[in-house]
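Observations on chain architecture
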Amino acid sequence: MQTVRHSEQTLRTALISKNPVLVSQYEKFNPAERRLMNEAFQPASDLFGPITLHSQSDWITSHPEPPQDFEEFFNAPSRKTPSPEKRSIYIQCIGLLGNTRIISEEYIKWLKGYCEAFFYGLTVKLLEPVPVSATRCSFRVNDSTQNLQIHAGHILKFLKRRKPEDAFCVVGITMIDLYPRDSWNFVFGQASLTDGVGIFSFARYGSDFYNSSCGSNRKALQKKSANDYSVFDNYYVPEVTSVLLLRSCKTLTHEIGHIFGLRHCQWLACLMQGSNHLEEADRRPLNLCPICLRKLQCAIGFNIVERYKALVRWIDDESTDTPRVTPKHSREESVNLPKPVEAFKEWKEWIMKCLAVVQK
């Protein structure tokens, strides 16, 4: 295992900058907020640790790219900032996220609530879910997994056409695997920063994705036209679990972060680290390091403490948007559908430590 460490001065400059204007901006944070942010360059900090690399296949090793400090983010000509007229994040569900319509609807509400807390200060809205056929995208069966895949680039064009006037961005979410072009095996997600749209798949985050092959679909596809989407009618959807919800929240916020102009983080362990595979994605924390947190705060203008409190409320409020429901095809009158937040407990403890620092 390799540890990526930066000097205290390097981290200080990456966070605060040497530009007098940006230094002055940083000093406008209240003392409690600065105390938390300064943990970035405290060697003994137990809140923000270094990045660890476990194999040559990890992102930083296999995808070398220049790091982005706050000053570079601030000065980026392509950076997108919400305006008073465009302060809404829209979520577009493509296909079902759960094995019934009602479970799928609840799952989307959980993701909506999480995004509202994470991107505190912006409004998150839901577009009416659509089937794959509505996108008119290309699709195929993956040679390796034998699972169905839909074309990410075609979905982006669909989302661009549906982008509302007040949207800062529109993000599509699906439980169907994605591919960006014929020569690629798969992609977790794809976004267009220029158009403010993105599409992200949670398919490979299900515990049994590699055991859920649709081998019969290859023969079925051979008998159907390229425009016959009935092959998706009974597509396999993984069971909704706490780990799946955590992975979904992590991917969704990471990718929306890119739309704000945040590049892959190479400073500290951070949500914005790149990931090449599921094991690496699971090591990536849910939280932003102080450098990336300052970037997002600059774009949105939220109060850092209030944002952390909103995230704790989302974790604690297990009953939010979870009425007693009757799943489709169920013989039972109703079932409880609590928000599965067990996997978030460790992160809640981390947030409470951050709040303790600012409340000293």
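Note on numbering: residues in each chain are counted from 1, in written sequence order. Where totals are concerned, whole chains, interfaces and linings use all residues; where local detail is concerned, this predicted model gives features only for residues with pLDDT of at least 70, and gives and counts side-chain atom pairs only at 80 or more. Calculated side-chain values reflect all of the structure's heavy atoms, with hydrogen atoms and water omitted.

Overview of the overall build of the protein
Our working definition: Elements are defined by DSSP. Helices are runs of H or I of four residues or more, strands are runs of E of two residues or more, and each kind is numbered from the N terminus. For the radius of gyration, the atoms used are the C-alpha atoms, and the globule rule reads 2.2 Å times the number of residues raised to 0.38. Contacts are residue-level and defined by heavy atoms, with any inter-residue pair within 4.5 Å sufficient. What sets the accessible areas is the Shrake-Rupley method with a 1.4 Å probe; for residues, cover comes only from the shown protein chains. Counting rule for charge: Lys and Arg are taken as positive, Asp and Glu as negative, and neither His nor the chain ends is counted. For this purpose, a charge sits on NZ of Lys, CZ of Arg, CG of Asp or CD of Glu.
The helix and strand inventory of the protein stands at 13 helices and 10 strands. For 360 residues, the compact-globule formula gives about 21 Å, and the C-alpha radius of gyration of the protein, at 21 Å, lands near that figure. For the C-alpha atoms alone, the extent of the protein along its principal axes is close to 65 × 45 × 45 Å. Of the contacts formed within the protein by residues at least 6 apart in sequence, a portion of 75% connects residues at least 24 apart. Here the protein displays about 16,400 Å² of accessible surface, and carbon together with sulfur accounts for 49% of that area. When the 45 basic and 39 acidic side-chain charges of the protein are each reduced to a single mean position, those positions are 4 Å apart.

Digging into the nonpolar core
Using the following cut-off: Put simply, a nonpolar core is a bunch of buried Ala, Val, Leu, Ile, Met, Phe, Trp, Tyr and Cys residues held in one set by side-chain atoms that sit within 4.5 Å of each other. To sort residues, take the accessible area from a 1.4 Å probe on protein chains only and compare it with the maximum for the residue type: under 20% means buried, over 50% means exposed, and anything in between is partly exposed.
Membership of the largest hydrophobic core comes to 85 residues, with the highest contact counts inside it found for F119, F260, Y308 and F344. Here this core gets nine residues from one element, more than from any other, and that element is helix α6 (residues 101-118). Once residues lying within four places of it in the same chain are set aside, the contact partners of F344 are Y114, S242, L245, L246, C249, L286, W314 and I315. Formed by 26 residues, the second largest nonpolar core is a distinct cluster that contains V130, V132, F158 and L178.

With respect to the side chain of R247
One can find R247 in helix α9 (residues 242-259). Setting aside residues up to four positions removed in sequence, R247 forms contacts with Y205, L278 and D282.

Things to note about the confidence of the model for the protein
How we decide: pLDDT runs from 0 to 100 and stands for how confident the predictor is about each residue.
Of the residues in the protein, 91% reach a pLDDT of 70 or more, and the chain-wide mean stands at 88. Across residues 319-334, where pLDDT falls below 50, the model places 24 contacts with residues more than four positions away in sequence or in other chains.

Comments concerning unusual backbone geometry
In this structure, R136 is a non-glycine residue whose phi angle is positive, near 55°. Structurally, R136 can be placed in the loop between β4 (123-126) and β5 (139-141). You can call R136 exposed: its relative accessible area is 51%. A positive phi angle is found at Q146, which is not glycine, with a value near 65°. By the element assignment, Q146 lies in the loop between β5 and β6 (148-151).

Regarding the environment of T241
Definition in use: Distance and chemistry together define a polar contact, namely a pair of N or O atoms within 3.5 Å, with one atom able to donate a hydrogen and the other to accept it when in protein, and with adjacent residues in sequence counting only for side-chain atoms on both sides.
Locating T241 in the fold gives a position in the loop between α8 (215-223) and α9. A distance of 3.1 Å separates a polar side-chain atom of T241 from the backbone nitrogen of L244.

Regarding the pattern of salt bridges
As a reminder, the rule being used: Salt bridge, as used here: a side-chain nitrogen of Lys or Arg that lies within 4 Å of a carboxyl oxygen of Asp or Glu.
If you walk through the whole model with that rule in mind, you get 12 salt bridges. A salt bridge links D195 to K160; its shortest N-O distance comes to 3.5 Å. With a gap of 35 residues between them, D195 in the loop between β9 (189-192) and β10 (197-201) and K160 in helix α7 (residues 152-161) connect regions that are remote in the sequence. Using a relative accessible area of 25% as the deciding quantity, one classes D195 as partly exposed. K160 sits in the partly exposed class, given a relative accessible area of 47%. Two residues, K348 and D316, come together in a salt bridge whose shortest N-O distance is 2.6 Å. Here D316 lies in helix α12 (residues 304-316) and K348 lies in helix α13 (residues 345-358), a separation of 32 residues in the sequence. With relative accessibility at 23%, the residue K348 sits in the partly exposed group.

Structural notes on the pairing of β9
Filter applied, for reference: DSSP bridges decide pairing: two strands pair if at least two such bridges lie between them.
Relative to β10, β9 is paired through four bridges, and the arrangement is antiparallel. Within β10, the position partnered with S192 by the bridge is V197.

Focus: the packing of aromatic side chains
Quick reminder of the rule: Put simply, two rings from Phe, Tyr or Trp (the six-membered ring, in Trp's case) pair if the centres are within 6.5 Å, and we call them stacked under 30 degrees between planes, edge-to-face over 60, tilted for the rest.
Evaluated as defined, the whole model comprises 19 aromatic pairs. With a centroid separation of 5.6 Å and an interplanar angle of 80°, the aromatic rings of F48 and W350 are classed as edge-to-face. Placement of F48 in the loop between α3 (31-37) and β2 (51-53) and of W350 in helix α13 is noted, with a sequence separation of 302 residues between them. A residue is classified by how much of its surface remains accessible, and F48, at 5% relative accessible area, is buried. Aromatic side chains Y114 and W314 sit 5.0 Å apart centroid to centroid with 75° between the ring planes, which places their arrangement in the edge-to-face category.

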